[in-house]
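Residues per chain, in single letters:
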Amino acid sequence: MFMIHPQIAPARVSGLLKAAETAARAIPPAFPLTATVAVNPFMGQAGEDLATASARMARVAGIRLTSTRSFYAGKLDAGQMSEQDLAGALDSSTSPLKPKNAAALKAELARERAPATALPTVAGLAAAADGNDWPSVIARSFGLWAAGHFDRGQALWSPAPGHSTFAAWREWAVHDLTPEIAGLTGFCSHVAAAPDTPDRAILRAAERLGLSDEAAETAFHRLLIDLGGWAQHARWLLWEAELQGASDQTITDLLAIRLIWEEALFQHVPAVGAQWTNVVAAHAEPVAPSADDVADQIFQDALERAHQRRLGLRLQGPAAQPGRPSLQAAFCIDVRSEVFRRALEGLDPGISTIGFAGFFGLPVAHRPHGTDICQAHLPVLLTPALTSTGHASAQAEAESRIKARSLRAWGRFRQAAVSSFAFVEAAGPAYAVKLVKDSLGLGHGTSAPEPAPRIEGGLTAEAKAATAAAVLNAMSLTTGHAPLVLLLGHGAHVTNNPHESAYHCGACGGHTGEVSARLLAQLLNDPETRAGLRDKGIALPDDTVFVAGLHDTTTDTVTLYEDGLATGQRAGLPRARNLLSQAGVLARAERALRLPGASARTVAARAWNWAEVRPEWGLAGCAAFIAAPREATAGADLGGRAFLHSYDWSADKGFGTLELILTAPVVVASWISLQYYASSVAPEVFGGGNKLIHNVVGGVGVLQGNGGMLRAGLPWQAVHDGEGLVHEPLRLSVLIEAPQEAITAVLMRHPQVQALFDNGWLHLFALENGRISARYRTGAAWDQAAALRTAA
């Protein structure tokens, strides 16, 4: 709870603290490395259009949210964007600042803009005035403290518990001589004399720095951006707290800390006073896009229209489907599954695939074998309703925990302050064999599968049936079941890669989809479940068997799990494994064409190469989300760029499934798309930097080099192949086969989702019989003619 500063008017206090809250929520959360999921970096700007958000980020971060003019010009020259696309984007823009005609717009394309420059901080002004690199001093000092304070088990010595972030930093800073050695005389005394609560520190600093209520919001945002990934980690702490109905003050504490630095430097270099007054005045100006920002937004829209036009040509209407399939395989909607699904279906016309979010509708927190730590295996937008466990027998659990503790103790011994030196001297030569084996990719083996997961406490017969019915309805899988239905989650095997969880399933909270798939297969094979489903109008054939599996997206191999299957239920598994193996060969051959230095034969080996910075491309290239029956996309080569969600609106009574799709999978897909977009167009702020010089810090994230600010977002090697961008920065195009009025009704009930479409962070199209029939326009309107031009 904020306390009122006695020397500041209550209205002024309210304005400043509201500005601090707004600035904090303008920062996107960054999830820790243990369970990394993609996040929309522009979450705090969702209420603005791209041009306005770009103007805001230019002010506070020195970046633009669009590509360079030369990039768009290159696309036009290469025929990847047409003049008709430019004309359509210009026509759809409602800004009064847009170019008057197509000729004027094209003339703008030939004029490159100067790089954006953020408004300076006091630290930046002071550095220019006295020659001391104060921003670097702050980054080193603050980063060193933050690495210890936010540590999640990596450090040997943990900070004292029970201290707030602000209090812990003050205890550190009053003894940290780094600033004073750099020339900031009296900094320790300044910190000691600072207010003892973050709200009072913010208020006092705002007064001393002359920040008006109007200037405070973007000035505070500027300072939080200056803290890099640490501010984003603090925003994640707030996100997690609010999911549990609580709150967290950490990001406000960080703002107070950064303001204390500004305050000290303002006193230390008073010569910057006049310049700072001008900066404050600039912050006080309303954020508004310039004519250049609007033109760049139009260029970006034109590039996206070009992709939509090509996508429309690939969707030629529903393909004919045979009768009952011999095999069905349900995959996560992840774009990487599109390649594998297409390969698998091409092997036999009797094979049908399904797309659904990789947690398979089970809101589970899982306790793995050998630990009591719970992992949330569901989208981060949701909270778990069930708890599952992989715990085996008491003896197996005890043995596993003893082994884990022994390995941890050995690791601590190797890294301890004293023993590490003796260890290297004595044991170093013995590690030469391991080093050679790992370098040659010979050090890996096949690990034993985890014990079959189970729901803690079990479920009643009614709960089993209700859960199964909800999942099958959401999957549009209530009829037409094959004798064998595969439920395939996905994960990725990589070596020596701190961003491993980012390659796993985003719908499973940065974990693999194995647990969810195995739980659902057990549930759907349960006789009690099937009996209850009949009462709910879903009759599963007696010969239908559900089998869980895990698709390794790095090697394109699939592991099937035979949890609880009787001998007779395994009859179709040899054929299924053979088909999956053949599909994997085809998928690897296709993926190898995009990976630098890869061939169909060597793609899988990248998973074991500890020096490989690009084991796979992840979701690079993602550009579309399609919710429709598989018949609408079957046979179409979508290049591994589309999230494919199976959906049959005619079976969706009340459009509850449509609402679920628009408010969960579409939002998650937009987060993925926009993170790849931001890491491509603004890598200096929203990118993870260079993998080659990463150092893991605190189990939270990575530093580029040996110090400084945390780097959040995707590493450069995840979007760039060394010669050019592999991820084409496009905002996601969402295509849904459903009545337009039903889609509109859902959006009207969810204004936050509607804002994503109204402000252009997502594009929306309606499909009819597998073809684009209408384009959504701001304000819940639909443009039929534009859709026809897109698909022409």
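Predicted, not measured: the structure shown is a model, and the values here were computed from it. (Residues numbered from 1 in each chain as written. Predicted model: local features only at pLDDT ≥ 70, side-chain atom pairs only at ≥ 80, totals over all residues. Heavy atoms only, no water.)

J.: Describe the overall build of the protein, with residues and values.
T.: Along its length, the protein carries 31 helices and 19 strands. Its C-alpha atoms give the protein a radius of gyration of 28 Å, near enough to 28 Å, the size a compact globule of 792 residues would have. Projected onto its principal axes, the C-alpha coordinates of the protein cover approximately 80 × 75 × 50 Å. Each of the 792 residues in the protein was classed as buried or not, and the buried ones make up 56%. (Helix = DSSP H or I, 4+ residues; strand = E, 2+ residues; numbered from the N terminus. Rg over C-alpha atoms; globule rule 2.2 N^0.38 Å. Buried < 20%, exposed > 50% of the residue type's maximum accessible area, 1.4 Å probe, protein only.)

J.: Break down the sheet that holds strand β17 (residues 763–768) for me, with residues and values.
T.: Read across the sheet, 6 strands follow the order β11-β10-β16-β17-β18-β19 without closing on themselves; strand pairing throughout is mixed. Looking at the sheet topology across the chains shown, the edges are occupied by β11 (642–646) and β19 (781–783). Sheet twist, expressed as the average angle between the axes of neighbouring strands with direction ignored, equals 25 degrees. (Pairing = 2+ DSSP bridges. Axes fitted to C-alpha atoms, helices over the stretch in contact; angles between N-to-C directions.)

J.: Now, about the state of the cysteines: what can you tell me, with residues and values included?
T.: Should the sulfur atoms of two cysteines be covalently bonded, the bond is a disulfide. The final tally for this structure, using the stated rule, is 0 disulfides. A disulfide-free cysteine, C505 has its sulfur positioned 3.3 Å from the sulfur of C508, the nearest such atom. Here C622 stays unpaired: no disulfide links it, and the sulfur of C332, its closest cysteine neighbor, is 13 Å away. The exposure class assigned to C622 is buried, which follows from its relative accessible area of 0%. (Disulfide = S-S within 2.5 Å.)

J.: Explain the pattern of salt bridges to me, using residue names and the numbers behind them.
T.: One pass over the full model with this rule turns up 45 salt bridges. Residues R731 and E304 are paired through a salt bridge, measuring 2.7 Å at the closest nitrogen-oxygen approach. Of the two residues, R731 sits in the loop between β15 (714–715) and β16 (733–737) while E304 sits in helix α16 (residues 291–314), which places them 427 residues apart along the sequence. Overall, the relative accessible area of 4% leaves R731 in the buried class. Its salt-bridge partner being E338, residue R342 comes within 2.9 Å of it at the nearest N-O pair. Note that R342 and E338 are positioned in helix α17 (residues 336–345) at a spacing of 4 residues, about one turn of the helix. Here R342 and E338 have matching classes, each one buried. Taken together, the salt bridges that share partners define one network made up of R69, E108, R111, R113, D292, D293 and D296. (Salt bridge = Lys/Arg side-chain N within 4 Å of Asp/Glu carboxyl O.)

J.: Describe helix α8 (residues 165–173), listing the residues and the values that go with them.
T.: Taken as a whole, α8 has its buried residues at T165, F166, A168, W169, R170 and A173. Buried-residue contacts for α8 involve α7 (134–149), α10 (187–192), α11 (198–208) and α14 (250–268). (Contact = heavy atoms within 4.5 Å.)

J.: Give me the lowdown on the pairing of strand β8 (residues 545–552), citing residues and values where you can.
T.: A large share of β8 lies buried, amounting to 8 of its 8 residues. Side-chain alternation along β8 places V545, V547, G549 and H551 on one buried face and F546, A548, L550 and D552 on a second face that is also buried. Where strand β7 (residues 484–491) lies against β8, 8 bridges are found, and the strand directions are parallel. Its bridge partner being in β8, L487 is matched across the sheet by A548. Direction of pairing for β8 relative to strand β9 (residues 557–561): antiparallel, over a ladder of 5 bridges. Within β9, the position partnered with G549 by the bridge is L560. Connecting β8 to the antiparallel partner β9 that follows it, the hairpin turn spans 4 residues, and D556 within it adopts a positive phi of roughly 55 degrees.

J.: For the sheet that holds strand β5 (residues 386–389), give the residues involved together with the corresponding values.
T.: Strands belonging to one sheet form pairs held by backbone hydrogen bonds; the direction of such a pair is parallel or antiparallel. Spatial strand order, β4-β3-β5-β6: 4 strands in an open sheet with mixed pairing. Two strands close off the open sheet at either side, each with one partner strand: β4 (375–377) and β6 (454–455). Relative to β5, strand β3 (residues 364–367) runs parallel, the two sharing 4 bridges. Considered in β5, the bridge of H366 is made with S388.

J.: Describe unusual backbone geometry, and please don't skip the residues or the numbers.
T.: Phi at F360 is positive, roughly 55 degrees, even though this residue is not glycine. Structurally, F360 is set in the loop between β2 (351–356) and β3. The buried category is assigned to F360, whose relative accessible area is 0%. Of note in the backbone geometry, N496 takes a positive phi value of approximately 55 degrees without being a glycine. Secondary-structure assignment places N496 in the loop between β7 and α22 (500–503).

J.: Outline the nonpolar core, listing residues and values.
T.: With 145 residues, the main nonpolar core has F220, F625, F643, I743 and F757 as its most contacted residues. In terms of residues, this core owes the most to one element, helix α27 (residues 665–681), which gives 11 residues. Not counting residues up to four positions away in its chain, the partners in contact with F220 are L16, A19, A20, A23, I202, L211, L255 and L259. (Core = buried A, V, L, I, M, F, W, Y, C linked by side-chain atoms within 4.5 Å.)

J.: So what about empty space enclosed by the protein? Which residues, and what values?
T.: For the coordinates displayed, the defined rule picks out 4 cavities of 30 Å³ or more. Estimates place the volume of the largest cavity at around 80 Å³. Every residue lining the largest cavity is listed: V37, A38, P379, V380, L381, G506, V668, W671 and I672. Its residues assigned to classes, the lining of the largest cavity comprises 8 nonpolar, 1 polar and no charged. Roughly 60 Å³ of volume is contained in the second largest cavity. If you go around the second largest cavity, the residues you meet are P120, T121, L209, L211, A219, R222, L223, L259, E262, W276 and H283. Among the secondary structure elements, those contributing two or more residues to the lining of the second largest cavity are α12 (213–226), α14 and α15 (273–284). Considering only residue class, the lining of the second largest cavity consists of 7 nonpolar, 2 polar and 2 charged. (1 Å grid on protein atoms, 1.4 Å probe; cavity = no way out; pocket = protein on both sides within 12 Å on 5 of 7 lines; lining within 4 Å. Points joined across faces, edges and corners; volume = space filled by probe spheres on them. Nonpolar A, V, L, I, M, F, W, Y, C, P; charged D, E, K, R; others polar.)

J.: A description of the packing of helix α5 (residues 102–109) against α16 should follow, citing residues and the corresponding values.
T.: α16 packs onto α5 with a crossing angle of 95 degrees between their chain directions and a minimal axis gap of 11 Å. What the angle tells us is that α5 and α16 run roughly perpendicular. For the pair α5 and α16, contact is made by L105, E108 and L109 and by D292, I298 and F299, respectively. Classifying every residue of the contact of α5 with α16 by side-chain character gives 4 nonpolar, no polar and 2 charged. (Parallel < 35°, antiparallel > 145°, perpendicular 65-115°, else oblique.)

J.: Tell me about the packing of aromatic side chains, residues and numbers included.
T.: Aromatic ring pairs are reported here in terms of the distance separating the ring centres and the angle at which the planes meet. Under the counting rule described, the total for this entry stands at 17 aromatic pairs. For the ring pair F42 and F686, a centre distance of 5.6 Å and an interplane angle of 85 degrees mean the geometry is edge-to-face. Placement of the pair is F42 in the loop between α1 (10–25) and α2 (50–61) and F686 in helix α28 (residues 683–686), with a sequence separation of 644 residues. For F686, a relative accessible area of 5% corresponds to the buried category. Site record: aromatic cluster; members linked through ring pairs are F42, Y677, F686 and W761. (Phe/Tyr/Trp six-rings, centres within 6.5 Å; stacked < 30°, edge-to-face > 60°.)

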